[in-house]
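Structural characterization, general
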Amino acid sequence: EMVKDHFKKAIQNHKISHAYILTGEAGMGRKSIANAFAMTLLCEKGGSEPCMMCHSCKQVMSGNHPDLIYVTHEKPGSIGVDDVREQINDTIMIRPYSSYYKIYIVDEAEKMTVQAQNALLKTIEEPPAYAVIILITTNQEAFLPTILSRCVQMKLKPLKDFTIKSYLTQNLHIAEKDADICAAFAIGKAIHLASSDEFRELFQKVMVLVKNVGTMDISMLLDCIREMKEQNFDIGEVLDLMQLWYRDVLMFKVTKDMNLLIFKDEYKMINETGEKVDYAGLEAILAAIDTARTRLNAKVNMELAMELLLLTMKNPS
């Protein structure tokens, strides 16, 4: 709401900045807000919210507005200097085709190399009056101080779990116990997961794994992971669910309060796990999940990263 209010007031007062940084966790709605802001600026009605009916709004919704440019990059791990020069610097002096503003949205902007950021800096320092550049990121610490100082920085804060749960149950008619689990994720991801049959199947597979990790041998556990991978399940979501499970185990071990659990239906198994694993072991497992996530992001061999995690889960002490 704070970010939305800022954008609305900027539009109402005709004080649009040339560069913004939108920071927040993945799935939190950064792209949705950037698109809504861009649509409002380009809207032919000129209000503080997009009308959704004019030709310009329909162009934005269909992804075909000539004055809204989404910066892309071929290399998955980085946005290079050529990407910035060709898509922003070389085109920004061309006036808008049909609107007052010309807007550039750079998703995963933390992936810009130092050279790319320096190239962008020259444009941000002396932009044409009609230009607006929106950098979307999960990590603004990756930006040069000179970039940060020339952008309006706004951070999206997570919604409360009960707000997400209410939306899922009332608007999407999701069962309450399923909404509890999905609400543990950021709102964008929660909506996606709540309406996904694949996620329900993944959830069941991960539950089998965490409940039986102590009795299954490592080869059987790895077979479960391989099967999930072969079915194109997101291993990141596997780690998310494991993390939530052991968070519940730790929470119940400390508080004995079932109302604080995400997996309320599984409180008996959660209690049994907590009785078998001490605090140090639970902390070791949660740390191992974080380490596995870091290794996967660094493109370490998936099976090796997961094998090390599963070994810790089997023998946390």
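All of these numbers come straight from a predicted model, not from anything done at the bench.

Reading the values: rules and limits
Residues numbered from 1 in each chain as written. Predicted model: local features only at pLDDT ≥ 70, side-chain atom pairs only at ≥ 80, totals over all residues. Heavy atoms only, no water. Salt bridge = Lys/Arg side-chain N within 4 Å of Asp/Glu carboxyl O. Helix = DSSP H or I, 4+ residues; strand = E, 2+ residues; numbered from the N terminus. Buried < 20%, exposed > 50% of the residue type's maximum accessible area, 1.4 Å probe, protein only. Pairing = 2+ DSSP bridges. Axes fitted to C-alpha atoms, helices over the stretch in contact; angles between N-to-C directions. Contact = heavy atoms within 4.5 Å. Patch = residues over 30% accessible without salt bridge, like charges linked within 9 Å, V, L, I, M, F, W, Y side chains within 5 Å. Areas by Shrake-Rupley, 256 points an atom, 1.4 Å probe, with all protein chains shown as cover. pLDDT = per-residue confidence, 0-100. Polar contact = N/O pair within 3.5 Å; in protein donor to acceptor, adjacent residues only side chain to side chain. Phe/Tyr/Trp six-rings, centres within 6.5 Å; stacked < 30°, edge-to-face > 60°.

**Here we look at the pattern of salt bridges**
Tallied over the entire structure, the rule returns ten salt bridges. The shortest N-O distance in the salt bridge between E227 and K205 comes to 2.9 Å. Of the two residues, E227 sits in helix α11 (residues 218–230) while K205 sits in helix α10 (residues 197–212), which places them 22 residues apart along the sequence. Assessed through its relative accessible area of 21%, K205 is described here as partly exposed. Each of D223, R226 and E303 takes part in a single network of salt bridges with overlapping partners.

**Quick look at the sheet that holds strand β2 (residues 68–71)**
Spatial strand order, β2-β3-β4-β1-β5: five strands in an open sheet with parallel pairing. Each having just a single partner strand, β2 and β5 (152–155) make up the two edges of the open sheet. Going from strand to strand, the sheet's axes swing by 20 degrees on average, the running direction of each strand aside. Each of β1 (19–23), β2, β3 (102–106) and β4 (131–137) is contacted by helix α2 (residues 30–42), which is oriented at about 170 degrees to β4, the strand it contacts most. Packed on one face of the sheet, helix α4 (residues 81–89) meets β2, β3 and β4 and runs near 175 degrees to β2.

**Description of the side chain of D248**
With respect to the secondary-structure elements, D248 resides in helix α12 (residues 235–255). With a relative accessible area of 0%, D248 lands in the buried category. With residues up to four places along the chain from it excluded, the contact list for D248 reads L260, L261, I262, F263 and I270.

**A look at the environment of R85**
Positionally, R85 belongs in helix α4. Considering only alpha carbons, one finds R85 and L120, 35 residues apart in sequence, at a separation of 7.7 Å. Once residues lying within four places of it in the same chain are set aside, the contact partners of R85 are D90 and A119.

**Topic: a nonpolar patch on the surface**
A surface patch of nonpolar side chains, about 290 Å² in accessible area, is lined by V300, L304, L308 and L311. As for its position among the elements, V300 is in the loop between α14 (279–297) and α15 (302–314).

**A word on the confidence of the model for the protein chain**
Averaged over all residues, the pLDDT of the protein chain is 85; the fraction at 70 or higher stands at 86%. Taken element by element, the predicted model of the protein chain shows its lowest mean pLDDT in helix α9 (residues 187–194) (52) and its highest in β3 (95).

**Some points on the side chain of T23**
Tracing the backbone through its elements, the reader meets T23 in strand β1. For T23, a relative accessible area of 6% translates into the label buried. Within the local environment of T23, its side chain forms a polar contact with the side chain of Q140, the two groups lying 2.7 Å apart. Ignoring any residue separated from it by four or fewer positions in sequence, one finds T23 in contact with R30, T137, T138, N139, Q140, M154, K155 and L156.

**Focus on the packing of aromatic side chains**
Per the counting criterion, the structure on display carries four aromatic pairs. An angle of 15 degrees between the planes, with centres 3.9 Å apart, marks the rings of F7 and F37 as stacked. Within this pair, whereas F7 is found in helix α1 (residues 2–12), its partner F37 is found in helix α2, the two being separated by 30 residues in sequence. Overall, the relative accessible area of 4% leaves F7 in the buried class.

**Observations concerning the environment of Y97**
For Y97, the position within the fold is in the loop between α4 and β3. Along the backbone, Y97 and P66 are 31 residues apart, and their C-alpha atoms lie at a distance of 6.6 Å. With sequence-adjacent residues up to four places away left out, Y97 is seen in contact with P66 and D67.

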